[in-house]
2 protein chains.
Amino acid sequence: MEAKRLGILGGLGPMSTFYFCELLTAHTRAEKDCDHIDMIISSCASTPDRTAFILGESDADPLPAMLREAHRLESAGADLIVIPCNTAHYFYDGLTRECRTPILNIIRETVDELYTAGVRRIGLLATAGTVRSGAYRRVCDEYGMDCLIPDEEQQAVITSLIYDRIKQNKSVDLQAFLRVAEALRDRGCEKLVLGCTELSLLKKQGLDERVFVDSLEILAKKTILSCGKEPIGFGSSSLFREGVQR
Amino acid sequence: MEAKRLGILGGLGPMSTFYFCELLTAHTRAEKDCDHIDMIISSCASTPDRTAFILGESDADPLPAMLREAHRLESAGADLIVIPCNTAHYFYDGLTRECRTPILNIIRETVDELYTAGVRRIGLLATAGTVRSGAYRRVCDEYGMDCLIPDEEQQAVITSLIYDRIKQNKSVDLQAFLRVAEALRDRGCEKLVLGCTELSLLKKQGLDERVFVDSLEILAKKTILSCGKEPIGFGSSSLFREGVQR
C-alpha cells in the first residue's frame, strides 16, 4: 500500500491531540524517522466548545471552524483525515458532506473492533455531548449490540472529571471514576469504552486493560494500517494482537 | 498582544515534535481548550536525515523538503514558525531567506536565556551534526561565552543514544549519558545544554535541573510568550521563574 499523508483535525482538546500523535508514533514499526507517517495537524484550540453546543447551552456552532480546518488539511495535501475526539463526531456527517477526503470514524471503528472481538454489550464513558447525541448507540444498534450509559448522577461525575480536571491539567480522583465504571459492569457490560480522548489520558494512571477499551487506541491502530504502515505493541488487551493486521 | 497562529515545522523527529506540542500545552495558562494556542503542525517524517547530510554521509539535502513544509505552514496561515529540532537549525538561514514568516531560533533563544541568567561556559550535548556545524559555538562567540563539546569517544556515546535508542523507542543507558555529562562538568561547564530534542525526552527519567538546561523548554517558553499567552510552571530550574514574563 502506498504511504499516505495523514491529516489530523485536532485541538478538541489539544492535549489529547498530541497524545494521539504520540500513540501513532510509538505504535508504528519504525527504525528511523522516515519510517513514520507524514502528517499535517491542525490543533485549532479556539474551536467553539462541542459539548456546550450539542447540549444547547451555547449557540456557537463549532462546525464552520471544523470545516475550515478540514479544508486547510485538504489544501495541505492530506489523503486521509482523522479526528482524535469522540464528541466532535457529532459533526461527522456535516464534515463528510463537505470534504472530498475520506475521514475515519472513531465510533464506527471502535464498535466494529469490539463486535469482531465477540463483545455484545458495552458501557460508554464519555462526555454528556457524546452520550446524549446517541452516536455510539446508533452504531451499536446497527451491529445488534447493547450500549449502556451511566445514570445522570454518574454522568455528572464523568463530565466534571473531563472538564474540571483533565482539561485543566489537574489531578484526578480515580476512585470516583472507577465507581461509575463498576456500576456499568454490574449491569452486565463486557467492556467499557473510553469514549472520550480526555479519558484516554487516564490510562497513564493504570486501568485494567481487560475491562477498559480505549477508542483512541483503536483509532490509532486503524490509522496506522490505513496509512500503509505496520502497527505494533498495542498492549495486552485481548482486542489487540501485536503486529497482527486484520 | 494579539493571539497568533503558530506553525510548527516538525517530524525531525516525530516523537520530539509531539513532546514539544505537549510542553506548549502543559505550560500555557489555560482553563479551557480555547485558551490554548491555535497551531498547525507539519510532521514530515520523510524529510532526509539532517545529520547524515551535514556530516557529508548523504547527499540527500533536507532543505527542499523543509522549505516545502514551511511554505505549507505559511499557506495554512502561520504567523510565526518554530522548529523543535536543534540539528535542523543548520538550515535556519536557508529557511529564513525563503520564508516571509518569522522563525524563532532555538539556539539563539537558548544561548540568550543562559547569558541573561549569568552563565558564561556551557557544555553541549547534541547530535554530531549540531556539534560539528558549530551553530552553538558561533552564537556563544557573539555573547562572549564558552561552548565546550564532548571528545570524539564521548560524542559517539551521545550519537548512539540518540539514533540507536531514543529515535527507536528503546530503553536508554542513562549512566553512559551521565558519564559524558560529568566529564563536561569537570571541564568547568556551569550548565549543560540538552541541545537535541531527542535528549529532552531523557528528562522524563529524571535529570538534575540545576545542571541540565533543555533547549526545547526554552523554545517552548519563548513560543508561548510570542503567541501572546502566559507561560506557567517551567520547573524549578533557576533559569525559570513561574509565570514571570521577561
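## A few points about helix H3 (residues 63–75) of chain A
Spanning 13 residues, H3 of chain A covers 18 Å between terminal C-alpha atoms, matching the ideal 18 Å at 1.5 Å per step. Among all positions of H3 of chain A, only Leu-63, Ala-65, Met-66, Leu-67, Glu-69, Ala-70, Arg-72, Leu-73 and Glu-74 of chain A are buried. Check the buried side of H3 of chain A and you find it contacts strand S1 (6–10), strand S2 (39–43), strand S3 (80–82) and helix H4 (92–98) of chain A together with strand S2 (39–43) of chain B. Once H3 of chain A finishes, Gly-77 of chain A follows within two positions and takes phi at roughly 95°, a positive value.

## Here's the deal with the sheet that holds strand S4 (residues 121–125) of chain A
All names here are of chain A. Strand order in this open sheet of 4 strands is S5-S4-S6-S7, and the pairing throughout is parallel. Lying at the two open borders of the sheet, with one neighbouring strand each, are strand S5 (146–148) and strand S7 (212–214). On average, adjacent strands in this sheet sit at an angle of 35° to one another, irrespective of strand direction.

## Some details on the relation of the copies chain B and chain A
For these two chains of identical sequence, chain B goes onto chain A by a turn of 180° and a shift of 0.0 Å along the axis, with RMSD 0.0 Å. Taken together, the turn and the small shift mark the pair as related by a two-fold rotation axis. Within chain B, the C-alpha atom positioned nearest to the axis of rotation is that of Ile-41 of chain B, 2.4 Å from it. Counting the interface residues of chain B, we find that 97% of their copies in chain A are interface residues as well, pointing to one common contact surface.

Scoring rules and cut-offs
Residues numbered from 1 in each chain as written. Chains lettered and ligands numbered in written order. Predicted model: local features only at pLDDT ≥ 70, side-chain atom pairs only at ≥ 80, totals over all residues. Heavy atoms only, no water. Helix = DSSP H or I, 4+ residues; strand = E, 2+ residues; numbered from the N terminus. Expected span 1.5 Å × (residues − 1). Buried < 20%, exposed > 50% of the residue type's maximum accessible area, 1.4 Å probe, protein only. Contact = heavy atoms within 4.5 Å. Pairing = 2+ DSSP bridges. Axes fitted to C-alpha atoms, helices over the stretch in contact; angles between N-to-C directions. Least-squares fit on C-alpha atoms with pLDDT ≥ 70 in both.

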